[in-house]
Amino acid sequence: MLDISPRLEEGGEPLYLQLYQYFCTEIRERRLPSGTRLPSVRALSKFLHMSKTTVESAYHQLLAEGYIESRERSGFYVVDISWDGAIRVKKSGGGGSVAKKEWTDPEVPFPSIPFRYDFHQARVDPDSFPFELWRKYTNQVTRSENKSLLYYGDRQGEPELRQELARYLRRARGVQATAEQIVIGAGTQTMINLLGCLFGLRGQAVAMEEPGYQGVRRVFLNQGFDVRPIPLEEDGIDVQRLSESGARLVYITPSHQDPTGIVMPYAKRLKMLQWTRQVEGYIIEDDYDGEFRYHGRPIPSLQGLDTAGRVIYLGTFSKSLLPSIRVSYMVLPEGLLPLYQEHLADYDQSASRIHQQTLALFMKMGDWERHIRKMRTLYKNKHDALLGFLREEMGDSIRITGHDAGISVTVEVRSSCTSQELTERAASAGIRVYPTDHKWLHPTRQGHPSFQFGFGGQTVEEMEAGIRLLGEIWRPTFQG
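Residues numbered from 1 in each chain as written. Predicted model: local features only at pLDDT ≥ 70, side-chain atom pairs only at ≥ 80, totals over all residues. Heavy atoms only, no water.

**Q** Report on the overall build of the protein, specifying residues and quantitative values.
**A** Regarding its fold elements, the protein presents 15 helices and 18 strands. Burial analysis of the protein (480 residues in total) assigns 54% to the buried set. In the form shown here, the protein has an accessible surface area of approximately 22500 Å², with 48% of it arising from carbon and sulfur atoms. (Helix = DSSP H or I, 4+ residues; strand = E, 2+ residues; numbered from the N terminus. Buried < 20%, exposed > 50% of the residue type's maximum accessible area, 1.4 Å probe, protein only. Areas by Shrake-Rupley, 256 points an atom, 1.4 Å probe, with all protein chains shown as cover.)

Structural data, given as structure tokens:
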């Protein structure tokens, strides 16, 4: 039988819960690798001298949370907690039965066109949101006896949520944080606004990846910062060019660079930390979708590698849960806390107290990490399906980057058309695609048109029909 040696204590937590926690730890830390067959209920109960009911309860909890799977007439097996199983794709024709979607995003130049297929890069799966659980916890939070909810809350964010975040970030992303270091706010741009006030002298230089996230760049520009674009290498931002820029503050997305999708390797992360020491600078690390990595083990956050207090960590629930609750957060180095208290302590909290307390309960009860495991599996399947459709339909006429992480991939199209012309061709067929031109501070005409394709907000069937139709529309423009 499998060598199992859990330390179970009578009189503490229920035995089934202790056994469940033991298996969780073994699976998370890869000591029980994917495909390992667990002992049968009968064999394990006999080995551990406990009732079969206790073992069954532990196994059922592991099943419910996606750690193991039951195979008929074979037993229980460990699944890979980064991804599960093969995707089952229903063959679809032209997608005529798919409901049309009206596009209302003000950034889009086609406000009146109804789109059947929308490849927005930041949409989450609407059918997987845990509505019943969210309603349950919201009801608990808004009970009449909780009258304090009606007043202004902690300016830094609800203490319960900050405590839960500190625990989660340590486990999941290797972030070293206490509740006192965490600041909650209504979205990443709000957090950047606060940081701009913290650092801000008008005209101060801030470096950004080129291309990079235009939403953050716009905030810096509006605040009067001197934004200095730094080109990318194959493994992320060019550290040499960063050193030459004269900036002492840099904003980067190392876990899934926006828009190229580059994952910064460990060695370059160490170079970035060395840069902070050389110039006495700071890194703003935006880990906007770090929960989702589909192949290989996650690389630790930059903040978790930092021993000098030079990394400000940003995170959000917009990609992992839903964007409409507008809850983001930052982890400030301890050395910046006095500066924060001096300049920003009088700023009122911008995120809803109701959503914050609901989210704190959602995390405290374990539903947050269960949701993440479920979504990681779902998005991995969608990710693989989209890659398959793109490669099958467009072959060597495209180059895909940014896969294996996040909820979008980037596609470079070898076409005789510009990105605007390809976007208009797609729109004429009811397909919404997203060129990356606006991600550049100084757009270049070199290279092929590039697009971000999101897979979170559509079904596999919708993606298949949309890519098949897009291939027909774009194929006459392909080069080579």
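Moving on from the model shown.
**Q** Any chance you could break down the pairing of strand E1 (residues 68-71) for me, citing the residues and the numbers?
**A** Of the pairings in the sheet, the one linking E1 to strand E2 (residues 75-78) comprises four bridges and is antiparallel in character. When the bridges of E2 are listed, Arg 71 appears paired with Gly 75. (Pairing = 2+ DSSP bridges.)

**Q** Break down the pattern of salt bridges for me, with residues and values.
**A** The full count for this structure, using the stated rule, is 23 salt bridges. As a salt-bridge pair, Lys 382 and Asp 125 come within 2.5 Å of each other at their nearest N and O atoms. Here Lys 382 is found in helix H13 (residues 367-394), whereas its partner Asp 125 is found in the loop between strand E5 (117-118) and helix H4 (131-141), with 257 residues between them in sequence. For the residue pair Lys 382 and Asp 125, the accessibility class agrees, reading buried in each case. A salt bridge links Arg 135 to Glu 132, with the nearest nitrogen and oxygen atoms 2.8 Å apart. On the criterion of helical spacing, the pair formed by Arg 135 and Glu 132 is a turn pair, its members being three residues apart in helix H4. Overall, the relative accessible area of 59% leaves Glu 132 in the exposed class. The structure contains a network of salt bridges with shared partners spanning Glu 392, Glu 393, Glu 464, Arg 468 and Arg 475. (Salt bridge = Lys/Arg side-chain N within 4 Å of Asp/Glu carboxyl O.)

**Q** Outline the side chain of Ser 255, listing residues and values.
**A** Within the secondary structure layout, Ser 255 lies in the loop between strand E10 (249-252) and helix H9 (266-279). Here the side chain of Ser 255 touches Arg 173 through a polar contact of 3.2 Å, side chain to side chain. Among the polar contacts made by the side chain of Ser 255, one reaches the side chain of Asp 287 at a distance of 3.2 Å. Each residue touching Ser 255, except ones within four places of it in the same chain, is listed here: Arg 173, Ile 262, Val 263, Arg 269, Asp 287 and Ala 405. (Polar contact = N/O pair within 3.5 Å; in protein donor to acceptor, adjacent residues only side chain to side chain. Contact = heavy atoms within 4.5 Å.)

**Q** Describe in detail the sheet that holds strand E14 (residues 398-401), supporting the description with residues and values.
**A** Pairing is antiparallel across the open sheet formed by four strands, whose spatial order is E14-E15-E18-E17. Either end of the sheet is taken by a strand with one partner, and the two such strands are E14 and strand E17 (434-435). Examined bridge by bridge, E17 and strand E18 (residues 450-454) share two bridges and lie antiparallel to one another. Counted as the bridge partner of Tyr 434 is Gln 452 from E18.

**Q** How would you sum up unusual backbone geometry? Please name residues and give values.
**A** Here the bond from Glu 210 into Pro 211 is cis, since omega is 5 degrees, no more than 30 degrees from zero. As for its position among the elements, Pro 211 is in the loop between strand E7 (205-210) and helix H7 (214-222). With an omega dihedral of 15 degrees, the bond running from Asp 258 to Pro 259 counts as a cis peptide bond. By the secondary structure assignment, Pro 259 is in the loop between E10 and H9. Even without glycine at this site, His 49 takes up a positive phi of about 55 degrees. Mapped onto the elements of the fold, His 49 is located in the loop between helix H2 (41-48) and helix H3 (52-64). The exposure class assigned to His 49 is exposed, which follows from its relative accessible area of 75%.

**Q** Can you explain the nonpolar core? Please cite residues and give values.
**A** Grouped burial of nonpolar side chains is what soluble globular proteins tend to show. Within the largest apolar cluster, 63 residues are counted, with the highest numbers of intra-cluster contacts made by Phe 317, Leu 321, Leu 359, Phe 453 and Trp 474. Looking at this core, the element that brings in the most residues is H13, giving 10 residues. Setting aside its immediate chain neighbours within four residues, Leu 359 contacts Trp 134, Leu 161, Phe 317, Leu 321, Ile 325 and Val 327. Listed in part, the 26 residues of the second largest apolar core include Met 191, Ile 192, Val 216 and Leu 314. (Core = buried A, V, L, I, M, F, W, Y, C linked by side-chain atoms within 4.5 Å.)

**Q** Hey, could you go over the sheet that holds strand E9 (residues 236-237) for me, with residue numbers and the actual values?
**A** Ordered by their spatial adjacency, eight strands build an open sheet running E6-E13-E12-E11-E10-E7-E8-E9, and the pairing between neighbours is mixed. Every other strand in the sheet has two partners, leaving strand E6 (182-185) and E9 as the edge strands with one partner each. Here E7 runs beside strand E8 (residues 226-233); their pairing, made up of six bridges, is parallel. Bridge pairing in E8 places Met 208 opposite Pro 229.

**Q** Give a description of the pairing of E18 that names residues and reports values.
**A** The element E18 is largely enclosed, with a buried count of five among its five residues. Here E18 shows no split at all, with Ser 450, Gln 452 and Gly 454 on one side and Phe 451 and Phe 453 on the other all buried. As defined by bridge partners, strand E15 (residues 408-413) adjoins E18 across five bridges and the pair is classed as antiparallel. Across the sheet, the residue bridging to Thr 410 is Gln 452, located in E18.

**Q** An account of H4 is needed here, citing residue identities and associated values.
**A** Taken together, the buried positions of H4 are Trp 134, Tyr 137, Thr 138 and Val 141. Viewed along the axis of H4, the buried residues span an arc of 105 degrees, placing them on a single side of the element. On its buried face, H4 is in contact with helix H12 (353-364) and H13. (Arc of directions from axis to C-beta.)

**Q** Explain the packing of H4 against H12 to me, and be specific about the residues and the numbers.
**A** One way to put it is that H4 packs onto H12 with a least axis distance of 9 Å and a crossing angle of 115 degrees. The hand of the H4/H12 crossing is right-handed. Across the interface between the two elements, Leu 133, Trp 134, Tyr 137, Thr 138, Gln 140 and Val 141 of H4 pack against Ile 354, His 355, Gln 357, Thr 358, Leu 359, Leu 361 and Phe 362 of H12. Tallied by class, residues from the contact of H4 with H12 come to eight nonpolar, five polar and no charged. (Axes fitted to C-alpha atoms, helices over the stretch in contact; angles between N-to-C directions. Left-handed = near helix turned anticlockwise from the far one by under 90°. Nonpolar A, V, L, I, M, F, W, Y, C, P; charged D, E, K, R; others polar.)

**Q** Pulling in residues and values, what's your account of the packing of aromatic side chains?
**A** One pass over the full model with this rule turns up 17 aromatic pairs. Between Tyr 59 and Phe 76 the ring centres are 4.9 Å apart and the planes differ by 65 degrees, which places this aromatic pair in the edge-to-face class. Taken together, the positions of Tyr 59 in helix H3 and Phe 76 in strand E2 put the pair 17 residues apart, joining distant regions of the chain. Judged by centre distance (5.4 Å) and plane angle (55 degrees), the rings of Phe 199 and Tyr 282 are tilted. Of this pair, Phe 199 sits in helix H6 (residues 188-199) while Tyr 282 sits in strand E11 (residues 282-286); the two residues are 83 residues apart in sequence, bridging distant segments of the chain. One exposure class covers both Phe 199 and Tyr 282, and it is buried. (Phe/Tyr/Trp six-rings, centres within 6.5 Å; stacked < 30°, edge-to-face > 60°.)

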